[in-house]
Amino acid sequence: METTVQDKEALAIHGGEPVREETLAYGGQTIEDDDIHAVAETLRADLLTTGPKVDAFEEAFADFVGTKEAVAVSNGTAALHAAMHAIDIGPGDEVIVPTITFAATANSVTFEGGTPVFADVDPDTLLIDPESVEDKVGPDTKAIVGVDYMGQPCQYDTLRDIAEAHDLVLLDDACHATGGSYKGRPVGSLADLNTFSLHPVKNMTTGEGGMITTDDAGWAKKMRRFRNHGITSTHHERAEEGSWYYEIPEAGYNYRLTDFQCALGMSQLQKLPGWVERRREIAARYDEAFRSMESIEPVERRDDATCAYHLYVIRLALDRLKADRKTLFEALQAEGIGVNVHYIPVHLQPHYRENLGTEPGLCPNAEAAYERILTLPVFPRMTESDVEDVIRAVRKVVSTYRR
Ligand SMILES: *Cc1c(COP(=O)(O)O)cnc(C)c1O
């Protein structure tokens, strides 16, 4: 039953009083005094970039996820780009990516001249569907990228089997899932190469930032060159040898992360488990509240994974509502709830339609899901009353539009 006294309240888009005066964003960083102190201290050090904090942050991050190597870069997109470079993606190579993701997952394949091949998603979890992956594997396929949508790890055991059967590299675009786990294994150790974003809206931040984790020392070395113009030695190594000489066997980029950002990252990393716990509490409260709202179907979570909840996504049961997603989006925005939509299926973007000829119908589950998804706010700084505001606004809006 969704009938409450709030049924009688006029929606803010119809001139009623909004649930909140000031809009609650869908996500945001937590910066505390110790974070600020860590950055300030590093700003007083000799090296603002390519200094000791970079190595220290990489080591701490690798320890946290349980890999031999972690490579810090300037953002999550650079992390994906470096990973594609590490595995030699080039013209003629295909990389399978889910179409429900941030465009950078697919774009990074094209940066190296490769072709993204879009796989459909499971309709309940919106994670890459292993059956669709099997369908899309061909003679030119080099790699599969799982995207841990919402913060829920993909079915890596199944993806691993497919990768091994076809001799493919398995990647995890783990940008949503920092701090999550799958069958007791930490995110970051689930695929051959695992990429993270440290953007403020993600689970921990360095302002802008990215990380790649792997057990492969060769790939790590290649990515450290790639982030530094393709130069074979670091300035420390040259100083030790008393030499100016270096070589550039292949052109790279400047994808470095600064020392003060790495200092922030180390400070944030210690607090990540507590923040993920808080995200999970908020999600549990939403789950409980939405169980009694028939027109709201939260994206499903599997029992074998611990979702890190970068996002909390609901699916609207449109057959139970008199309005479409756009109307509900606008109604919730008017109530002061900063809802969002993650994501427009990437194969529908003009860039891919024009260059790869991708069309509606290619990934039917993703296209159907896209029509009815909404992202609700979830981030550690939310108070109990913020959480209740979101629930109240959702209840108010769906009761008004209930069929
Ligand atoms: C955020 C994000 C990226 C890109 O990260 P940036 O740090 O913004 O470059 C890539 N993939 C996914 C799934 C993301 O959510």
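The structure this text deals with has already been given above.
Residues numbered from 1 in each chain as written. Predicted model: local features only at pLDDT ≥ 70, side-chain atom pairs only at ≥ 80, totals over all residues. Heavy atoms only, no water.

Peer 1: Explain the site of the ligand to me, using residue names and the numbers behind them.
Peer 2: By nearness alone, 16 residues border the ligand, and Gly76, Thr77, Asp173, Ser197 and Lys202 come closest of all. The contact in question runs from an oxygen atom of the ligand to an N or O atom on the side chain of His176, over 2.9 Å. Here Ser197 contributes a side-chain N or O atom positioned 2.7 Å from an oxygen atom of the ligand. Considering the ligand on its own, with 380 Å² of exposed area, one finds that the protein chains cover 92% of that surface. For the shell around the ligand, the elements supplying multiple residues, two or more each, are helix H3 (76-86) and helix H4 (104-111). It is H3 that provides the largest number of residues to the shell around the ligand, a total of 3 residues. Considering only residue class, the shell around the ligand consists of 6 nonpolar, 8 polar and 2 charged. (Near = heavy atom within 4 Å. Polar contact = N/O pair within 3.5 Å; in protein donor to acceptor, adjacent residues only side chain to side chain. Areas by Shrake-Rupley, 256 points an atom, 1.4 Å probe, with all protein chains shown as cover. Helix = DSSP H or I, 4+ residues; strand = E, 2+ residues; numbered from the N terminus. Nonpolar A, V, L, I, M, F, W, Y, C, P; charged D, E, K, R; others polar.)

Peer 1: How would you summarise the sheet that holds strand E3 (residues 115-119) if you had to cite specific residues and measurements?
Peer 2: Pairing within the open sheet is mixed, and its 7 strands lie in the order E1-E9-E8-E5-E4-E2-E3. Of all strands in the sheet, those with a lone pairing partner are strand E1 (69-73) and E3, marking the two edges. Within this sheet the neighbouring strands show an average axis-to-axis angle of 20°, counted without direction. Sheet topology note: the E1/strand E9 (residues 210-214) ladder contains 5 bridges and is antiparallel. Pairing of Val71 across the sheet is with Ile212, part of E9. Seen against the sheet, helix H6 (residues 156-165) touches strand E4 (141-147) and strand E5 (169-173) and runs at an angle of roughly 150° to E5. (Pairing = 2+ DSSP bridges. Axes fitted to C-alpha atoms, helices over the stretch in contact; angles between N-to-C directions. Contact = heavy atoms within 4.5 Å.)

Peer 1: Summarise the packing of aromatic side chains; cite the residues concerned and give the values.
Peer 2: Throughout the structure, instances matching the rule amount to 13 aromatic pairs. Plain terms: the ring middles of Tyr253 and Tyr255 are 5.0 Å apart, the flat faces sit at 15° to each other, and that makes the pair stacked. For Tyr253, a relative accessible area of 35% puts it in the partly exposed group. Ring centres 6.2 Å apart and planes at 50° place the aromatic pair Phe290 and Tyr312 in the tilted group. Placement of the pair is Phe290 in helix H9 (residues 259-290) and Tyr312 in strand E12 (residues 312-316), with a sequence separation of 22 residues. Its relative accessible area of 2% is what places Phe290 among the buried residues. In this structure Tyr312 comes out as buried when scored by relative accessible area, which is 1%. Following the ring pairs from residue to residue traces out a cluster consisting of Tyr286, Phe290, Tyr309 and Tyr312. Geometry around Tyr370 places Arg325 over its ring, the cationic atom sitting 4.6 Å from the centre. (Phe/Tyr/Trp six-rings, centres within 6.5 Å; stacked < 30°, edge-to-face > 60°. Buried < 20%, exposed > 50% of the residue type's maximum accessible area, 1.4 Å probe, protein only. Lys NZ or Arg CZ within 6 Å of the ring centre and 35° of its normal.)

Peer 1: Outline the pairing of E12, listing residues and values.
Peer 2: With 5 of 5 residues buried, E12 lies mostly within the body of the structure. In E12, alternate side chains face the same way, and those of Tyr312, Ile314 and Leu316 on one face and Val313 and Arg315 on the other are all buried. Strand direction decides the pairing type here: strand E10 (residues 296-298) and E12, joined by 3 bridges, are antiparallel. Paired with Ile296 across the two strands is Leu316, which belongs to E12. Here 4 bridges tie E12 to strand E13 (residues 373-376), and the two strands are oriented antiparallel to one another. Counted as the bridge partner of Val313 is Thr375 from E13.

Peer 1: Any details on the pattern of salt bridges? Residues and values, ideally.
Peer 2: One side chain can pair with another of opposite charge once the charged atoms of both are near each other. In the structure shown here, the tally under the stated rule is 27 salt bridges. Where Glu58 meets Arg227, a salt bridge forms, and the shortest distance between an N and an O atom there is 2.7 Å. Of this pair, Glu58 sits in helix H2 (residues 52-65) while Arg227 sits in the loop between helix H7 (217-226) and helix H8 (235-241), and the two are 169 residues apart along the sequence. By relative accessible area, which is 6% here, Glu58 ends up buried. With its nearest N and O atoms 3.0 Å apart, the salt bridge here joins Arg278 to Glu384. Taken together, the positions of Arg278 in helix H9 and Glu384 in helix H13 (residues 384-401) put the pair 106 residues apart, joining distant regions of the chain. The exposure class assigned to Arg278 is buried, which follows from its relative accessible area of 15%. Taken together, the shared-partner salt bridges connect Glu9, Glu335, Arg392 and Lys396 into one network. (Salt bridge = Lys/Arg side-chain N within 4 Å of Asp/Glu carboxyl O.)

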